[in-house]
Amino acid sequence: MAVKHALITGITGQDGAYLSKFLIEKGYEVHGLLRRSASADVVDTRLKWIGVAENVTLHDGNLTDLSGLIRILETVEPTEIYNLAAQSFVKSSWQQPYLTGLVTGLGVTNMLEATRLTCPQARFYQASSSEMFGLIQEPEQSESTPFYPRSPYGAAKLYGHWMTVNYRESFGLHASSGILFNHESPLRGIEFVTRKITDGVARIKLDLQKTLPLGNLDAKRDWGHARDYVKAMWLMLQQDEPDDYVIATGRTVSVRDFCTLAFSHVGLNAEDHVVLDERYLRPAEVNVLLGDPTKARKKLDWVAETTLEELIAEMVDADLDRLRHHEHL
Ligand code: NAP
Ligand code: G4F
């Protein structure tokens, strides 16, 4: 059988690393879009950490540069395209609304256009987000729940989501949109709340810091493990028909309770260390997210395999390990 070629945009991010490993283990030839950086020595840190840096081919490009994307797709001739690249940090999207719209929104159109023009038979995955539900319209969010984004990031993702649906309906692309709820791992960016907490817990345990400054402790999220969620991305592209799927655990927990679990993993009390820092509050908040993954379970035979307690233990242990070995991520 011919080797399948996958192109991953956002390959240097958290999900890009886990998806690369997953696809390589399935026998794929994996290619990635690499945003040029002056710090070339650190761009593939996650790919190195997960052990696949030598097994992927990286191509210089940017989601905002359509002609470059066309050139890469002509070279790679992918059978599957995973569009994971984005300005993905919600808080930054108020500071950089235009950039967020350009990359996270219009970047999707660029990828869809490049696909339509060069490889319309390729299967396309769009990384949509539960942030599109924002001010939630139903207590449990499914594929039929109306959207109400609360940030420039959420609005940009919603545009990318509808463009994916539109290219499917207009041009017959096999384009699927995964509405993924928050998913975390030891490779999560340090600015996101889970990793900030697990890194903070590890530093406090090792006497490297005393307090952990956080914003809204009452916000609730449906947190899963990135390793489980990249499998769902792949499953969507193995279906005969493209479609949209909510991917979530079906359990929601507050930031405060996440702290309690993380501190207790190392025998500490969260209340002794967590302090409110208003700089981390947002102009508009998504108070609670809770996904209903019934469709994914029934149609993809997908379920979240890692519990929140297992996820937190893995993240705290990885951060302790990194700090003890003076490693950075
Ligand atoms: P991440 O770690 O922030 O990775 C984002 C990736 O996008 C990085 O590889 C980054 O490259 C790349 N990128 C940013 N701007 C780019 C540009 N202009 N051109 C090309 N590449 C660019 O994000 P993640 O957590 O892996 O998430 C993957 C995708 O899923 C994102 O689209 C995110 O919005 C979406 N999503 C994530 C979650 C979640 O909970 N993790 C939930 C729902 C949806 P650099 O390494 O150069 O910065
Ligand atoms: O970890 P967060 O920054 O993630 P957020 O905003 O939910 O976005 C993540 O999940 C989305 C899916 O729903 C993705 F689409 C998106 O790309 C990203 O991966 O914040 C989670 C919650 C928020 O309510 C925030 O206000 O934690 C709250 N929080 C409280 N203190 C904090 C902090 N968030 C951050 N980043 N830092 C804090 O100190």
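Scope of this entry: the structure provided in the associated data block. Since we're looking at a predicted model, the values are computed, not measured.

### What to know about the pattern of salt bridges
For side chains bearing opposite charge, pairing can occur when the charged atoms are close.
Thought 1: In the structure shown here, the tally under the stated rule is 16 salt bridges.
Thought 2: The residue Glu-305 makes a salt bridge to Lys-231 at a minimum N-O spacing of 3.8 Å. Of the two residues, Glu-305 is situated in the loop between α10 (294-300) and α11 (308-324) and Lys-231 in helix α8 (residues 226-237); the sequence distance between them amounts to 74 residues.
Thought 3: You can call Lys-231 partly exposed: its relative accessible area is 32%.
Thought 4: Beyond isolated ion pairs, a larger network of salt bridges with shared partners links Arg-195, Asp-319 and Arg-322.

### Some remarks on unusual backbone geometry
Thought 1: Not every positive phi belongs to a glycine, and Asp-301 is a case in point at roughly 60 degrees.
Thought 2: Mapped onto the secondary structure, Asp-301 falls in the loop between α10 and α11.
Thought 3: You can call Asp-301 exposed: its relative accessible area is 67%.
Thought 4: Of note in the backbone geometry, His-326 takes a positive phi value of approximately 55 degrees without being a glycine.
Thought 5: Given the relative accessible area of 66%, His-326 is considered exposed.

### Brief notes about the packing of aromatic side chains
Thought 1: Under the definition given, this model contains nine aromatic pairs.
Thought 2: Ring centres 6.2 Å apart and planes at 40 degrees place the aromatic pair Tyr-82 and Tyr-125 in the tilted group. A residue pair is termed long-range when its members are at least 10 positions apart, and Tyr-82 in strand β4 (residues 80-83) and Tyr-125 in strand β5 (residues 123-129) qualify at 43 residues. Here Tyr-82 and Tyr-125 have matching classes, each one buried.
Thought 3: Put simply, the rings of Phe-133, Phe-147, Trp-162 and Phe-181 touch in pairs and so form one group of aromatic residues.
Thought 4: Seen from the ring of Tyr-280, Lys-196 lies directly overhead, with NZ or CZ sitting 3.2 Å from the centre.

### Details of α8
Thought 1: Helix length check: α8, at twelve residues, gives a terminal C-alpha distance of 17 Å against a target of 16 Å (1.5 Å per residue), a fit within 8%.
Thought 2: Of the positions making up α8, those classed as buried are Ala-226, Asp-228, Tyr-229, Val-230, Ala-232, Met-233, Trp-234, Leu-235, Met-236 and Leu-237.

### Considerations on the site of ligand 2
Thought 1: Near ligand 2 you find 23 residues, and of these Ser-129, Ser-130, Tyr-153, Arg-282 and Glu-285 are the closest.
Thought 2: In the environment of ligand 2, an oxygen atom lies 2.9 Å from a nitrogen or oxygen atom belonging to the backbone of Val-193.
Thought 3: Contact with the protein chains removes 96% of the 720 Å² of surface that ligand 2 exposes when unbound.
Thought 4: Counting the residues that make up the shell around ligand 2, at least three belong to each of domain 1 (5-183 + 223-247) and domain 2 (188-221 + 252-288 + 306-324).

### Digging into the side chain of Ser-142
Thought 1: You can see Ser-142 is positioned in the loop between β5 and α6 (152-171).
Thought 2: With sequence-adjacent residues up to four places away left out, Ser-142 is seen in contact with Phe-133, Val-246 and Asp-292.

### With respect to the site of ligand 1
Thought 1: Around ligand 1 there are 24 residues in total, and Thr-12, Arg-35, Leu-84, Ser-88 and Tyr-153 lie nearest to it.
Thought 2: Take Gln-14: an N or O atom from its main chain is 3.0 Å from an oxygen atom of ligand 1.
Thought 3: Within the backbone of Leu-63, an N or O atom sits 3.0 Å from a nitrogen atom of ligand 1.
Thought 4: Mapped by element, the contributors of at least two residues to the shell around ligand 1 are α1 (14-25), β5 and α6.
Thought 5: For the shell around ligand 1, the element with the highest residue contribution is β5, accounting for three residues.
Thought 6: By residue class, the composition of the shell around ligand 1 is ten nonpolar, ten polar and four charged.

### Side note on the sheet that holds β4
Thought 1: With parallel pairing, the seven strands of this open sheet are ordered in space as β3-β2-β1-β4-β5-β6-β11. Each edge of the open sheet carries a strand with a single partner, namely β3 (56-60) and β11 (244-247). Direction aside, neighbouring strands of the sheet carry axes that sit 20 degrees apart on average.
Thought 2: Against the sheet, α1 contacts β1 (5-9), β2 (29-34), β3 and β4, and its axis sits at roughly 175 degrees relative to β1.

Parameters and conventions
- Residues numbered from 1 in each chain as written.
- Chains lettered and ligands numbered in written order.
- Predicted model: local features only at pLDDT ≥ 70, side-chain atom pairs only at ≥ 80, totals over all residues.
- Heavy atoms only, no water.
- Salt bridge = Lys/Arg side-chain N within 4 Å of Asp/Glu carboxyl O.
- Helix = DSSP H or I, 4+ residues; strand = E, 2+ residues; numbered from the N terminus.
- Buried < 20%, exposed > 50% of the residue type's maximum accessible area, 1.4 Å probe, protein only.
- Phe/Tyr/Trp six-rings, centres within 6.5 Å; stacked < 30°, edge-to-face > 60°.
- Lys NZ or Arg CZ within 6 Å of the ring centre and 35° of its normal.
- Expected span 1.5 Å × (residues − 1).
- Near = heavy atom within 4 Å.
- Polar contact = N/O pair within 3.5 Å; in protein donor to acceptor, adjacent residues only side chain to side chain.
- Areas by Shrake-Rupley, 256 points an atom, 1.4 Å probe, with all protein chains shown as cover.
- Domains from an automatic or database assignment.
- Contact = heavy atoms within 4.5 Å.
- Nonpolar A, V, L, I, M, F, W, Y, C, P; charged D, E, K, R; others polar.
- Pairing = 2+ DSSP bridges.
- Axes fitted to C-alpha atoms, helices over the stretch in contact; angles between N-to-C directions.

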